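Commentary on secondary and tertiary structure
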Amino acid sequence: LYHIFHLHKRMVFYMNLVIAEKPSVARSIAAVIGATEKQNGYWQGGGYLVSWCIGHLVSFAEAGQYDEKYCKWRYEDLPILPQPWQFVVPDEKKQQFEVLRALFNRPDVDSVTAATDAGREGELIFRFVYQMAGCTKPVKRLWISSMEDAAIREGFANLRPDSDYDALYQSALCRAKADWLVGINATRLFSVLYHKTLTVGRVQTPTLKMLVDRDAKILRFQKEKYYTVGIHSGSLKADSGRADAETANSLKEKCTGAVAVCTSVKREKKTEQPPKLYDLTTLQREANRLFGFTAKQTLDYAQQLYEKKLLTYPRTDSQYLTEDMGQTAQHLVSDLLGLLPFAQGLDLPPDVGRVLSSKKVSDHHAIIPTAEFAKQGFTGLAESECKLMNLVCSKLLCAVAAPYEYETLTAVFSCAGNEFTAKGKAVLVSGWKEIDQRFRSTLKADTEEEVLNTLPELAEGQSFSVTANVSEHFTSPPKAYTEDTLLLAMERAGTEDMPEDKVNCSAGAREGGLGHAERKGLGTPATRAAILEKLVQMGFVQRKGKQLVPTKDGINLAVVLPESLTSPALTAEWENRLTEIAKGNADPDEFMAEIEAQVRQLVKTYSCISADKQNLFQSERVIIGKCPRCGENVYEGKKNFYCGNRSCQFVMWKNDRFFEQRKKVFTPKIAAALLKNGKAKVKGLYSEKTGKTYDATVLLADTGGKYVNYRVERKE
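Residues numbered from 1 in each chain as written. Predicted model: local features only at pLDDT ≥ 70, side-chain atom pairs only at ≥ 80, totals over all residues. Heavy atoms only, no water.

Secondary structure summary: the chain contains 23 helices and 25 strands in total. What you see for the chain is a C-alpha radius of gyration of 34 Å, clearly larger than the 27 Å of a compact globule of 716 residues, by over 25%. Judged by the C-alpha coordinates and their principal axes, the chain covers about 105 × 95 × 60 Å. At a minimum sequence separation of 6, the contacts of the chain that also span at least 24 residues come to 72%. Summing over all exposed atoms, the chain offers an accessible surface of approximately 35,500 Å²; the carbon and sulfur share of this is 49%. Averaging the locations of the 96 positively and 88 negatively charged side chains of the chain gives two centres separated by 8 Å. (Helix = DSSP H or I, 4+ residues; strand = E, 2+ residues; numbered from the N terminus. Rg over C-alpha atoms; globule rule 2.2 N^0.38 Å. Contact = heavy atoms within 4.5 Å. Areas by Shrake-Rupley, 256 points an atom, 1.4 Å probe, with all protein chains shown as cover. Lys, Arg positive; Asp, Glu negative; His and termini not counted. Charge placed at Lys NZ, Arg CZ, Asp CG, Glu CD.)

Quick look at the structure:
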């Protein structure tokens, strides 16, 4: 008994530490695995401790932390190539990091489960924290595509060694280091050269270049007028090809009252396959097109729905489900037919096999609703979340529906020695298009409805007496990018079929996109939204309605930077290399050596610029008036109104004591009046004696010295 008692005292009940990416995700995991006891910064119970990061808890150190000299931006200190790399925990995140460090090092924790988001960035977030905490305990990886209880339980039943994801981590690490090296060095280099903070990024700069190139095409576009001739007979209408005004009018005269003979009738049956399921990019594009959501808003709403267990993992580039999900999809479709108002009474025998292909699923399958949503429905969801859920649900129903079948009819007529063509279309099987039209009819947004042109029964040799008319047309310029079309361009960057003007293709072609293996692209589905937002925040791009348009600074930046930084194709190739590293097919050290060589060459090449280019990014100076001393222009600066003549010392300071004592802002309007008339009527001056405000005329009393004086001429 004595030995048993002491053996029991020495027994330790070991715990598994689970690290999630966010508190909300940790709470969901903890509830499923029985860690229901809330502690300070973690949950406990059932043999588990469940804690969380706060996004990127550990980051690369800023340049100034490697050497104080880097606190100032100077060409002489470039390039900055950290060796070894240093890491920091931001002040606002230190408290949670210390919680994690303590948990990692608890003697009763014998193993760790990485439960950060199952993707490249999630792997990086966990590894940085694990390493900085000095932990060496064995790690397993939780890899799930849904926050539903069943998916979490299944994930814990199938944990894999985290070493299986070493290649994914190397890819994430290379991405982070490359972004730091290119961002820090190129930003400092061009900011120093042009005397303005010019933020340069490995992905954001080529994205800006695409916008600038499209803007240039629109500006260079020369509108051309052309004419067509139409012949009519009852409901029949046929058109000629393009012609100039003289030719068109001549043809009209010949055809009016003439006979047109049908020379050929061609019927062709066509099939449009159902669209694929959503990956993040196609979801963002369609939500932008239908609802005007920005890419970031769509990602945020999708993330919220994922954390509410209603949507599967959103940061995916796959448009298929794995082959073991057939029954899940079958049940989902059945449940949605009863849940969605626009699907009531719909006869849909689903062909689920069309959306199943394990080979075409990368880290995560396509975005679909969860079984939890099928139970709960739209209860308690915000309007924006309802819109997104409807979009995802309708896509699943469309994807498993029958193909859309139709017949095209092309008839050619001869009249007055010229050919005229009429085209018609008839629906044979509405298939998935019926579901799509039902869904779109519920939207308040403007959506394109297909207009069918029905031709009368025609046969070769048939003749018609016709009238003719001339119509005027203009060639159309390329369209400015919207988030929809720019996301497509980013996804396809580096491929030969880079979208130009015909980015608004048909729904079937639009959803087709590129196969997973072919994708290169700028950024990843998870990062593109943030890149677009950053370009807007930095003032390089502005939103005009749904359009994204480069600003003057954005255009200048894209023009002055070298092709190595602006080429979408070159940057897409880097992204492809990162994907190959993640698959274990490329060497991370070789990739980083090439990035460092590129940075060194960049600094060496751009050591100086011509004097006329140095003012390229300077703000246009606003003229306030004429200098009372020398007659030159007076401009507004940040802190003053100053004479443009450097040898003239005339300056009026915005924080002049005269105006500050009277609690009055020295505005450009007051300054302009003083310069023009020597006096200005000013309202609301404060009196320190009476504590009241008054209106008065203020005089400019310039004595020609260093400072300008003012005085109140009279109270109004």
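Turning to the pattern of salt bridges, a few remarks are in order. Taken as a whole and judged by the stated rule, the model has 42 salt bridges. With a shortest N-O distance of 3.0 Å, D213 and K209 are connected by a salt bridge. Here D213 pairs with K209, and both are found in helix α7 (residues 204-220), just 4 residues apart, close to one helical turn. D213 gets classed as partly exposed once you look at its relative accessible area, which sits at 36%. Connected through salt bridges with shared partners, the residues R285, E286, R289, K395, D436, R440 and D484 form a single ionic network. (Salt bridge = Lys/Arg side-chain N within 4 Å of Asp/Glu carboxyl O. Buried < 20%, exposed > 50% of the residue type's maximum accessible area, 1.4 Å probe, protein only.)

Looking at soluble globular proteins, one finds that nonpolar side chains tend to be buried together. Counting residues in each nonpolar core, the largest one holds 88 residues, and the members touching the most others are F104, W180, F190 and F591. Element by element, the count of residues in this core is highest for helix α6 (residues 166-194), at 15 residues. Among residues more than four places away in sequence, those in contact with F104 are L17, I19, V112, F126, V129, Y130, A133, C135 and K137. Within the second largest apolar cluster, 51 residues are counted, among which are L290, L332, L388 and I435. (Core = buried A, V, L, I, M, F, W, Y, C linked by side-chain atoms within 4.5 Å.)

What follows concerns the environment of R528. Residue position: R528 is located in helix α17 (residues 528-537). Taking the C-alpha atoms as reference, R528 lies 7.7 Å from A295; in sequence the two are 233 residues apart. Setting aside chain neighbours within four positions, we find R528 in contact with T281, L487, M490, E491, G521, L522 and G523. Among the polar contacts made by the side chain of R528, one reaches the main-chain carbonyl oxygen of L522 at a distance of 2.8 Å. (Polar contact = N/O pair within 3.5 Å; in protein donor to acceptor, adjacent residues only side chain to side chain.)

Bringing helix α13 (residues 383-399) into the picture now. Here α13 contains 17 residues, and its C-alpha end-to-end distance of 24 Å stays within 8% of the 24 Å for a straight helix at 1.5 Å per residue. Among the 17 residues in α13, 15 count as buried, and that is most of the element. (Expected span 1.5 Å × (residues − 1).)

We now examine the pairing of strand β10 (residues 225-233). Judged from the 8 bridges that link them, β10 and strand β16 (residues 467-474) form a sheet pairing that is antiparallel. Its bridge partner lying in β16, T228 is registered against S471. Pairing geometry for β10 and strand β11 (residues 236-239), over 4 bridges, is antiparallel. In the strand pairing of β11, S233 is matched with L236. Hairpin geometry of β10 and β11 is characterised by an intervening segment of 2 residues between the two adjacent antiparallel strands and by a positive phi of about 65 degrees at G234. (Pairing = 2+ DSSP bridges.)

Taken in spatial order, the 7 strands line up as β2-β3-β4-β1-β7-β8-β9 in an open sheet, and their pairing is mixed. Taken across any chain shown, the strands that pair with only one partner, and hence form the sheet edges, are β2 (37-39) and β9 (160-161). Of the pairings in the sheet, the one linking strand β8 (residues 139-141) to β9 comprises 2 bridges and is antiparallel in character. What sits directly across from R141, in β9, is R160.

Next up on the list: the environment of P138. Along the chain, the position of P138 falls in the loop between α4 (120-132) and β8. Separated by 279 residues in sequence, P138 and G417 place their C-alpha atoms 84 Å apart.

Now for the packing of α7 against helix α18 (residues 552-560). Packing of α7 against α18 brings their axes to within 9 Å, and their N-to-C directions diverge by 105 degrees. Taken together, the axes of α7 and α18 lie roughly perpendicular to each other. Between α7, through L208, K209, V212 and D215, and α18, the contact on the second element is made entirely by G554, I555, L557 and A558. Here the contact of α7 with α18 is composed, by residue class, of 5 nonpolar, 1 polar and 2 charged. (Axes fitted to C-alpha atoms, helices over the stretch in contact; angles between N-to-C directions. Parallel < 35°, antiparallel > 145°, perpendicular 65-115°, else oblique. Nonpolar A, V, L, I, M, F, W, Y, C, P; charged D, E, K, R; others polar.)

Two quantities define a packed helix pair, namely the angle between the helix axes and the distance between the axes. Taken N-terminus to C-terminus, the directions of helix α11 (residues 326-339) and α13 make an angle of 120 degrees; their axes are 10 Å apart at the nearest point. Classified by the interaxial angle, the pair formed by α11 and α13 is oblique. Considering only the axes of α11 and α13, their crossing is left-handed. Contacts between α11 and α13 involve L332, V333, L336 and L337 from the first element and C393, L396 and L397 from the second. (Left-handed = near helix turned anticlockwise from the far one by under 90°.)

Looking at the element boundaries, T116 is found in the loop between β7 (109-115) and α4. Among the polar contacts listed, one links the side chain of T116 to the backbone oxygen of G122, at a separation of 2.8 Å.

Let us now look at the confidence of the model for the chain. When pLDDT is averaged along the chain, the result is 88, and 93% of the positions lie at 70 or above. No element of the chain has a lower mean pLDDT than helix α16 (residues 507-512), which averages 34, and none a higher one than β8, which averages 96. Of the regions scoring below 50 in pLDDT, residues 1-10 engages in 0 contacts with residues more than four places distant in sequence or in other chains. Note that residues 497-519 has pLDDT below 50 and, in this model, 50 contacts with residues that lie over four places away or in other chains. (pLDDT = per-residue confidence, 0-100.)

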